[in-house]
Amino acid sequence: MIKAGIIGATGYAGGELVRILTGHKDVEIVWYGSRSYIDQRYADIYRNMFRLVDAKCLDDNIEELSAQADVIFTATPQGFCASVINEEILSKTKVIDLSADFRIKDVETYEKWYGIKHKSPRFIEEAVYGLCEVNREQIKSARLVANPGCYTTCSILTAYPLAKEGIIDMSTLIIDAKSGTSGAGRGAKVPNLFCEVNENMKAYGVASHRHTPEIEEQLGYASGEDTVISFTPHLVPMNRGILATEYASLKRKVTAEEVKAVYDKYYKEETFIRVTEEGICPETKWVEGSNYVDIGFKLDPRTNRIIMMGAIDNLVKGAAGQAVQNMNLMFGLAEDEGLKLVPVFP
């Protein structure tokens, strides 16, 4: 059995990690880390775990945890993992970080967008960006994986094949994305109160959202071009889900059949990516509670643009599910182990 520890187990992503790993046949959770709830029973915090989890919450002592766990998930705010990681820890255990600490390869870019000093830049180059469908082989031998963000996972995978094949003009890419409120985390914030969110939709982080450089960097690798995007996220009154609608100018004329063939070239064998038939637009409800990414597209000859659409569950493929997918690769398990989650509908 793989012994897993979770630091940040009582946040939404951490709770989702517990839900998924509890049903994973090859994993035993040995550490439910939560600085806010030390010595409290985990099932008293998340009542859905009543009679499923008997453990109490522990602290965030990663050094002690590294002596007990084969893999540590850090579902923590930006800056935590970078402030505690060291060579001794990585010599004893593998780390999958759900924050942005090791996603961006340029330290100055990270510090500019996140507004904090990076505490362990020496590990940035080693860290593997954990987008499984793109970096599968590197992930298998990694000690430290940077689990991608939720908006970024959806945005990158939706455009990746067309960027890779040079079909879209990377200087024209616009991403309009909408997320459920769980993406903002479990902390109490006035803008996330029911009365603030219900019957409302709002843009935020306009021209300044922190996932922007992550998307640009990864799509830049794919296209081989400097990529600058316009990215606007929106908060919508639902618990889970992200829908990204992306617009880009075409470099050449293509048919719908040609575009579908490009997506199939990259994704036909991928368990968790489902490319819809022409004319079918993805919906968040079709992926809720699952590790799937649904992707669709529509050509617009009138404007010489293509509209790409992607839908994910932000807590599963956008966080915990992808982290478990990374873990499976790192330990040589079937990639879908513990992740055969049928989407919940309605």
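Coordinates for the structure precede this section.
Residues numbered from 1 in each chain as written. Predicted model: local features only at pLDDT ≥ 70, side-chain atom pairs only at ≥ 80, totals over all residues. Heavy atoms only, no water.

1. So, the packing of helix 7 (residues 132-140) against helix 12 (residues 316-330)
Turning to step 1, where the next piece is worked out: Running from N to C, helix 7 and helix 12 cross one another at 40 degrees; their axes reach a closest spacing of 9 Å. By crossing handedness, the relation of helix 7 to helix 12 is classed as right-handed. Facing Cys 132, Glu 133, Arg 136, Ile 139 and Lys 140 of helix 7, the residues of helix 12 in contact are Lys 317, Gln 322, Gln 325, Asn 326, Leu 329 and Met 330.
Turning to step 2, where the next piece is worked out: Residues that form the contact of helix 7 with helix 12 fall into these classes: four nonpolar, three polar and four charged. (Axes fitted to C-alpha atoms, helices over the stretch in contact; angles between N-to-C directions. Helix = DSSP H or I, 4+ residues; strand = E, 2+ residues; numbered from the N terminus. Left-handed = near helix turned anticlockwise from the far one by under 90°. Contact = heavy atoms within 4.5 Å. Nonpolar A, V, L, I, M, F, W, Y, C, P; charged D, E, K, R; others polar.)

2. Regarding the nonpolar core
When a protein is soluble and globular, its nonpolar side chains tend to lie buried together.
Turning to step 1, where the next piece is worked out: Judged by nonpolar contacts, the single largest core of 41 residues is most densely connected at Leu 162, Ile 168, Tyr 263, Ile 306 and Met 308.
Turning to step 2, where the next piece is worked out: Among the secondary structure elements, those contributing two or more residues to this core are helix 8 (150-164), strand 7 (174-179), helix 10 (212-223), strand 10 (242-249), helix 11 (256-267), strand 11 (273-275), strand 12 (293-300) and strand 13 (305-312).
Turning to step 3, where the next piece is worked out: Looking at this core, the element that brings in the most residues is helix 8, giving nine residues.
Turning to step 4, where the next piece is worked out: When sequence neighbours within four positions are dropped, the list of residues in contact with Leu 162 reads Ile 167, Ile 168, Val 259, Val 262, Tyr 263, Ile 306 and Met 308.
Turning to step 5, where the next piece is worked out: Residues Met 49, Val 71, Ala 75 and Met 327 belong to the second largest nonpolar core, which totals 39 residues. (Core = buried A, V, L, I, M, F, W, Y, C linked by side-chain atoms within 4.5 Å. Buried < 20%, exposed > 50% of the residue type's maximum accessible area, 1.4 Å probe, protein only.)

3. Overview of helix 11
For the α-helix, the turn length of 3.6 residues means that residues three or four positions removed from each other point alike.
Turning to step 1, where the next piece is worked out: Relative to the 16 Å expected for 12 residues at 1.5 Å per residue, helix 11 spans 16 Å between its end C-alpha atoms, a close match to the ideal helical length.
Turning to step 2, where the next piece is worked out: Contact partners of the buried residues in helix 11: helix 8, strand 11, strand 12 and strand 13. (Expected span 1.5 Å × (residues − 1).)

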